[in-house]
Amino acid sequence: MSKPQTEAKQAQPTKSAEELFSDTNVTMKTGRLVKDAETISDGKFVRIRLATNKEYLDAKGELQSTTNYFNALVSSNLSDAFSIAQDLKKGDWIYLKGEDGSQSFDTPEGYKQTAVTTFAYKVVLKHKQEQSDQSEANTQTSAPSP
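What counts and how
Residues numbered from 1 in each chain as written. Predicted model: local features only at pLDDT ≥ 70, side-chain atom pairs only at ≥ 80, totals over all residues. Heavy atoms only, no water. Helix = DSSP H or I, 4+ residues; strand = E, 2+ residues; numbered from the N terminus. Buried < 20%, exposed > 50% of the residue type's maximum accessible area, 1.4 Å probe, protein only. Contact = heavy atoms within 4.5 Å. Areas by Shrake-Rupley, 256 points an atom, 1.4 Å probe, with all protein chains shown as cover. Salt bridge = Lys/Arg side-chain N within 4 Å of Asp/Glu carboxyl O. Pairing = 2+ DSSP bridges.

## What about the overall build of the chain?
If you tally the helices and strands in the chain, you get four helices and six strands. Taken from N to C terminus, the helices and strands of the chain fall in the order α-α-β-β-β-β-α-β-β-α. Counting across all 146 residues of the chain, residues that qualify as buried make up 22%. Counting only contacts in the chain whose residues sit at least 6 apart along the sequence, the fraction spanning at least 24 positions is 58%. Accessible area of the chain: about 11100 Å², with a carbon and sulfur share of 48%.

Here it is as structure tokens:
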């Protein structure tokens, strides 16, 4: 005799945002915002454009630097991350943790391209750009006028 379906279903405990993403592709990025964070889709998401720098030694032993750019979205369902993300400004240094998603599309020239977006569930403001601008202004002294 088989068990009724109602007995087979058990209530699932609620999970935190990080636990929901624990078995997926996890990505972490840190860098500076290329432009101010933008609220899109009637306030449902914040779009972030992030620049990261990488320095390395080439075959000749010379220091080289490359910059990579990343797109990230933060959902309004993740209230802590969303409240931080919507106030971010160009130049702010941030840390993101999330999941990468990709979407393929055809260009007008007929080439296939793939765009990758990080769906961030954790956003940490490491350093505000305004603070470094103010500290530089405070350290500069002007010559006294005659």
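## Observations concerning the environment of threonine 52
By the secondary structure assignment, threonine 52 is in strand β3 (residues 45-57). In this view, threonine 52 contacts Thr30, Gly31, Thr66, Thr67, Asn68 and Phe70; residues no more than four positions away in its chain are not counted.

## Quick word on unusual backbone geometry
With a phi close to 55 degrees, serine 41 is a non-glycine residue in the positive phi region. Tracing the chain through its elements places serine 41 in the loop between β2 (38-40) and β3. Of note, aspartate 42 is a non-glycine position whose phi angle comes to about 55 degrees, a positive value.

## Observations regarding the pattern of salt bridges
Considering all chains together, one arrives at four salt bridges under this definition. Between lysine 29 and aspartate 100 there is a salt bridge, and its shortest N-O distance comes to 3.6 Å. Of this pair, lysine 29 sits in strand β1 (residues 27-33) while aspartate 100 sits in strand β5 (residues 93-106), and the two are 71 residues apart along the sequence. Assessed through its relative accessible area of 10%, lysine 29 is described here as buried. Among the residues examined, aspartate 100 registers a relative accessible area of 27% and is labelled partly exposed. In this structure, lysine 128 engages aspartate 92 in a salt bridge whose closest nitrogen and oxygen atoms are separated by 3.6 Å. You can see lysine 128 sitting in the loop between β6 (112-127) and α4 (129-139) and its partner aspartate 92 sitting in the loop between α3 (79-85) and β5, a full 36 residues away along the chain.

## Considerations on the pairing of β5
The pairing of β1 with β5 spans six bridges and is antiparallel. The residue bridging glycine 31 from the neighbouring strand is isoleucine 94, located in β5. Here β5 runs beside β6; their pairing, made up of 14 bridges, is antiparallel. Opposite glutamate 99, over in β6, you have phenylalanine 119 as the bridge partner.

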